[in-house]
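Below are the chains, spelled out letter by letter.
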Amino acid sequence: MHELAITQGVLDIALEHAKNFNANKIMRINLVVGEMTGIVDECVRFYFDFISKDTIASEATLSFERVPIKAYCRDCDATFTLSGLDWRCPSCQSCNIEVIAGRELYVESIEVE
Ligand SMILES: [Zn+2]
């Protein structure tokens, strides 16, 4: 997925929430982003500054909570964090694994004024 489309989605969600609360200004948007999404924080910030210009979110700070990629081994029941390109189970070296965290991408909360 492209960062611009994601950023637009984040802005839309934040604006909709703010409207529901009759907020005048969005101060902060807290995002949860899994490492697997490949989202680059700086790109999202860059696009956000650009597309939020004429909205009540123009001064909002974006906060990113990163979720590491976690996997479960179907062979030995181990749960572990994946790093780099080694996608084998550290306990039994099996490749029979399932990704259980790291695909997250959502607006956790917003702070308004
Ligand atoms: Zn294993």
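Figured I'd write up the structure that's included with this text. (Residues numbered from 1 in each chain as written. Predicted model: local features only at pLDDT ≥ 70, side-chain atom pairs only at ≥ 80, totals over all residues. Heavy atoms only, no water.)

## A few points about the coordination of the zinc ion
The protein atoms that coordinate the zinc ion are Cys73 (SG), Cys76 (SG), Cys89 (SG) and Cys92 (SG), at distances of 2.3 to 2.4 Å. One can describe the donor arrangement at the zinc ion as tetrahedral, given that its 4 donor atoms subtend angles of 105 to 113 degrees at the metal. Here the donor residues for the zinc ion map to a single chain with the spacing C-x2-C-x12-C-x2-C. One end of the pair, Cys73, is in strand β3 (residues 70-73); the other, Cys89, is in the loop between β4 (79-81) and β5 (97-101), with 16 residues separating them in the sequence. Overall, the relative accessible area of 0% leaves Cys73 in the buried class. (Donors = N, O, S within 2.8 Å, 3.2 Å for Na, K, Ca; no water. Tetrahedral: all angles 85-135°; square planar, octahedral: opposite > 155°, others 65-115°. Helix = DSSP H or I, 4+ residues; strand = E, 2+ residues; numbered from the N terminus. Buried < 20%, exposed > 50% of the residue type's maximum accessible area, 1.4 Å probe, protein only.)

## Topic: the packing of helix α1 (residues 3-20) against helix α2 (residues 41-51)
With their axes 9 Å apart at the nearest point, α1 and α2 run at an angle of 60 degrees to one another. Judged by the angle between their axes, α1 and α2 are oblique. Relative to α2, α1 is oriented so that their crossing is right-handed. Between α1 and α2, the residues in contact are Glu3, Leu4, Thr7, Gln8 and Leu11 and Cys43, Val44, Tyr47, Phe48 and Ile51, respectively. Looking at the contact of α1 with α2 residue by residue, the classes come out as 7 nonpolar, 2 polar and 1 charged. (Axes fitted to C-alpha atoms, helices over the stretch in contact; angles between N-to-C directions. Parallel < 35°, antiparallel > 145°, perpendicular 65-115°, else oblique. Left-handed = near helix turned anticlockwise from the far one by under 90°. Contact = heavy atoms within 4.5 Å. Nonpolar A, V, L, I, M, F, W, Y, C, P; charged D, E, K, R; others polar.)

Everything listed here is a matter of geometry and, on its own, says nothing about what the molecule does.
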